[in-house]
Amino acid sequence: MERHDNLMVNMARPKRFSWSKFIAILVTIAVLIFAAFAFYAYMALRPMAKAESNVQTVVSQRTSLTDLHDMTVDYRDGATYAVLGSEKGKSKVAIIHGKKGKVQVFDYGNGISKAELKQKLQTDYHPKKVYSANLSEYQGALVWEISYQAKDGSLNYLTMDYKNGSIYRAVNGI
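Values in this document were obtained by computation on a predicted structure and should not be read as measured data. (Residues numbered from 1 in each chain as written. Predicted model: local features only at pLDDT ≥ 70, side-chain atom pairs only at ≥ 80, totals over all residues. Heavy atoms only, no water.)

### What to know about the pairing of strand E9 (residues 155-161)
Stage number 1. Burial analysis of E9 places six of its seven residues in the buried class, the great majority of the element.
Stage number 2. As consecutive antiparallel partners, strand E8 (residues 141-149) and E9 are separated by five residues, and within that stretch glycine 153 has a phi angle of approximately 95°, a positive value.
Stage number 3. Summarising the sheet, E9 and strand E10 (residues 167-171) pair through four bridges and their orientation is antiparallel. Residue pairing for E10: methionine 160 is matched across the bridge by isoleucine 167.
Stage number 4. Taking the residues between adjacent antiparallel strands as the criterion, E9 and E10 are bridged by five residues, where glycine 165 takes a positive phi near 85°. (Buried < 20%, exposed > 50% of the residue type's maximum accessible area, 1.4 Å probe, protein only. Helix = DSSP H or I, 4+ residues; strand = E, 2+ residues; numbered from the N terminus. Pairing = 2+ DSSP bridges.)

### Quick word on the sheet that holds E10
Stage number 1. Across the sheet, four strands lie side by side as E7-E8-E9-E10; this open sheet has antiparallel pairing. Among the strands making up the open sheet, the edge pair consists of strand E7 (129-138) and E10. When the angles between neighbouring strand axes are averaged without regard to direction, this sheet yields 15°.
Stage number 2. Sheet topology places E7 next to E8; nine bridges connect them, and they run antiparallel. (Axes fitted to C-alpha atoms, helices over the stretch in contact; angles between N-to-C directions.)

### Describing the environment of histidine 97
Stage number 1. Within the secondary structure, histidine 97 is located in strand E5 (residues 90-97).
Stage number 2. Between the C-alpha atoms of histidine 97 and threonine 80, which are 17 residues apart in sequence, the distance is 4.6 Å.
Stage number 3. Among all residues touching histidine 97, those that are not within four sequence positions of it are Ala79, Thr80, Lys102, Gln104 and Glu137.
Stage number 4. At 3.1 Å, the side chain of histidine 97 forms a polar contact with the side chain of glutamine 104. (Contact = heavy atoms within 4.5 Å. Polar contact = N/O pair within 3.5 Å; in protein donor to acceptor, adjacent residues only side chain to side chain.)

### Topic: the pattern of salt bridges
Stage number 1. On inspection of all chains with the given rule, the structure shows three salt bridges.
Stage number 2. For the salt bridge of lysine 120 with aspartate 124, the shortest nitrogen-to-oxygen distance reads 3.2 Å. With lysine 120 and aspartate 124 both in helix H2 (residues 114-124) and four residues apart, the pair spans about one turn of that helix.
Stage number 3. The class of lysine 120 is partly exposed, set by a relative accessible area of 26%. (Salt bridge = Lys/Arg side-chain N within 4 Å of Asp/Glu carboxyl O.)

### Regarding the packing of aromatic side chains
Stage number 1. For the structure shown, the criterion picks out seven aromatic pairs.
Stage number 2. Measuring from ring centre to ring centre gives 5.8 Å for phenylalanine 17 and phenylalanine 22, while their planes differ by 50°; the resulting arrangement is tilted.
Stage number 3. Put simply, the rings of Phe17, Trp19 and Phe22 pair up and form one aromatic cluster. (Phe/Tyr/Trp six-rings, centres within 6.5 Å; stacked < 30°, edge-to-face > 60°.)

### Looking at the pairing of strand E4 (residues 80-87)
Stage number 1. Most of E4 is tucked away, with seven of its eight residues classed as buried.
Stage number 2. In terms of strand pairing, strand E3 (residues 66-74) meets E4 through five bridges, oriented antiparallel. Each residue of the ladder has a partner; that of threonine 72, found in E4, is alanine 82.
Stage number 3. Remark: five residues form the turn of the hairpin made by E3 and E4, two consecutive strands paired antiparallel; glycine 78 in that turn has positive phi of roughly 80°.

Quick look at the structure:
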């Protein structure tokens, strides 16, 4: 305050920019955005995590498989879940049909691997993009259910035998 003729006058001073407040506000905004994305990701992935937990519980109760891992889901005829595991040192795959609730166990490891499947798709079908390749059951056999985009942009679907790679059915141009 300055004195002018015995009067107290408030002189307006220019306010200084506070870098510490600016940085604190930026950090707070960044933390809030990160928390929002983390919450969104948690909520988006929660149904799949719950389904995976349920599938592992069902497989543990109805089979003697242990060390369950690598669950996939296929929606060809309702939800069909496949989960890898082991039984007496041998690799197995359990297939659970969502509608029926029945569990089937197949030998795993003596068929077409994912790497071989990708190579076969590249040489035989020349896909532009492979969307999914999941294990499933078709007419009592273990199969690969494959969806991919062809070079012309059409969506195609294959059901391929797991052991020998023969095609059970092919749907082109969906």
